[in-house]
Structures are given as C-alpha cells and as structure tokens.
Amino acid sequence: AQKITQTQPGMFVQEKEAVTLDCTYDTSDQSYGLFWYKQPSSGEMIFLIYQGSYDEQNATEGRYSLNFQKARKSANLVISASQLGDSAMYFCAMRERKQGGKLIFGQGTELSVKP
Amino acid sequence: GAVVSQHPSRVICKSGTSVKIECRSLDFQATTMFWYRQFPKKSLMLMATSNEGSKATYEQGVEKDKFLINHASLTLSTLTVTSAHPEDSSFYICSANFGSYTEAFFGQGTRLTVV
C-alpha cells in the first residue's frame, strides 16, 4: 500500500502567488516525521521543512509552511510568493520511528512557476 | 552544517563492467546510510540501508548481488553496481543519518549511464 501519496503530478502557479502541494500519508506508528524536499533539475535534494507527529504547531521556514492535519493524515506544503526559482520537483517523505531512519517518498509534484 | 559528499556525479560505463559510487559524510559520523534509485520524473526508491560494520539491509526486489553495498567506516558507504547493463542506468543518491530524527542529509547524486 502506498504510504505517501502526492496526487498532483504537475502544478502551475503564477509568479508571486501562493501554491499548495498536497501530500497524504498512511501509518500506524504514533511517532513519525514528515519532510518536504525540493529537487531541481540538477538532482540535488534540498530540504525544505520538517513536521513531527507530536508537533502541535504547523512548521514554517521562510516562505514555506506545512499545513499539518493529523486526523486527515495530510501534510500539505504551502509556498507563498512563488518565485521563478521555485520551479522544480517537490517530494513529500515520511520517516516512521519503528522503521528506523529510512525515508519513504511520495511520487512527487512538478511545480512550474510562470512569469 | 552537515555535508554528505557523493562521488562521482556522473559516470558512463560499458555494459558488463562494474562501477563504484562513494558516499561520504564530511562533518559527522553516520551510523546509517541509505541508497536510493530514481528514474527520470519519478520518485526516489529506497534500495538498501547500510549500517557501519554490518551487512546492508536490502529492500524487496533489489538484487543484493547486483548492488553491493559496503559501509566500512562511520564516514563512508559505497555502492557497487556489478556487471552493469543499460537497464541499470539511473540516478543513484545516498543519504546519511547521525542520530537526529528530524534531519536527513543527501549526497549530490550520481547519474549512471551504461552503454
């Protein structure tokens, strides 16, 4: 069964607007972490934001925020004030405590920012 | 900050030969390293978990004799693609943990082309 689901293969957003990238997850572990990574065409994985399952507040890092809805098992990434340099693949990932440190990734969303 | 260095970034090899990819943690001792494979526009698929001083744990469907993993020290893990074939052409990327649950550090990735 797919543990991390990203249902948007591709998204377009106008420069300076906000965009939400969806991510849902499935786990029976009470302790887990959720990550978002950006992958430009170079292939490097750029860490954006982290949310722990016990964190009560939504994580924020600059223009990135994570809309964590635990009951719905969703962890959507919100990018505010999109920039042309935000065009890239975005991956949601989960780490379950009982599975050690490995990350399980979603299918990814390709974001294109239009000028 | 912590840095993971992966080498080489690109490699072209002939069919039937073997190629070694190195993953080094530069600023910390990595108790565990992970190897992922990624096809174009696709997600990262975990291949194996590499623990220092012990045998790697391979994910289901990954041929351990084809993808040899060695984690000889706390700062170095290697992936050797043996008897490479064109279908092994892919992007391989490693990540390392040093105990923090909230972080995962990635190498730059290796683009392997088998001709």
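Located above this text is the structure these notes cover.
Residues numbered from 1 in each chain as written. Chains lettered and ligands numbered in written order. Predicted model: local features only at pLDDT ≥ 70, side-chain atom pairs only at ≥ 80, totals over all residues. Heavy atoms only, no water.

### Things to note about the side chain of A:Lys102
The following threshold applies: By the criteria applied, helices consist of DSSP H or I runs no shorter than four residues and strands consist of E runs no shorter than two, each listed in order from the N terminus. Summary of the burial criterion: residues with accessible area below 20% of their type's maximum are buried, those above 50% are exposed, and those between are partly exposed, where the area comes from a 1.4 Å probe applied to protein chains only. Here a polar contact means two N or O atoms within 3.5 Å. Within protein one must be a hydrogen donor candidate and the other an acceptor candidate, and residues neighboring in sequence count only if both atoms are side-chain atoms. Throughout, a residue-residue contact means that at least one pair of heavy atoms, one from each residue, lies within 4.5 Å.
Examined against the element boundaries, A:Lys102 turns out to sit in the loop between β10 (88–96) and β11 (104–105). Residue class for A:Lys102 comes out buried when judged on its relative accessible area of 14%. At 3.4 Å, the side chain of A:Lys102 and the side chain of B:Glu59 are in polar contact. Among all residues touching A:Lys102, those that are not within four sequence positions of it are A:Met94, A:Arg95, B:Phe34, B:Tyr36, B:Leu46 and B:Glu59.

### Re the pattern of salt bridges
Residues and elements named next belong to chain A. As a reminder of what qualifies: What counts as a salt bridge is simple: a side-chain nitrogen of Lys or Arg found within 4 Å of a carboxyl oxygen of Asp or Glu.
Scanning the model with the defined rule gives seven salt bridges over all chains in all. Between Lys-3 and Glu-96 there is a salt bridge, with the nearest N and O atoms lying 3.0 Å from each other. You can see Lys-3 sitting in the segment before β1 (4–5) and its partner Glu-96 sitting in strand β10, a full 93 residues away along the chain. Exposure remark for Lys-3: the relative accessible area of 29% places this residue in the partly exposed category.

### What to know about the packing of aromatic side chains
The following threshold applies: Only centres within 6.5 Å qualify two rings of Phe, Tyr or Trp (six-membered ring in Trp) as a pair; their planes then separate them into stacked at under 30 degrees, edge-to-face at over 60, and tilted for everything else. Geometrically, a charge over a ring is one whose NZ (Lys) or CZ (Arg) sits within 6 Å of the ring centre while staying within 35 degrees of the ring normal.
Under the defined criterion, the tally for this structure stands at 13 aromatic pairs over all chains. Between the aromatic rings of A:Tyr37 and B:Phe106, the centroid separation amounts to 5.1 Å while the plane-to-plane angle is 80 degrees, which identifies the pairing as edge-to-face. With A:Tyr37 in strand β5 (residues 32–39) and B:Phe106 in strand β10 (residues 105–106), this pair bridges two chains. As far as the burial class goes, A:Tyr37 and B:Phe106 line up, both buried. Within the aromatic cluster, the residues linked to one another by ring pairs are A:Phe35, A:Tyr37, A:Phe47, A:Tyr50, A:Phe91, A:Phe105, B:Tyr36 and B:Phe106. The ring centre of A:Tyr64 lies 5.6 Å from the NZ or CZ of A:Arg63, which sits over that ring.

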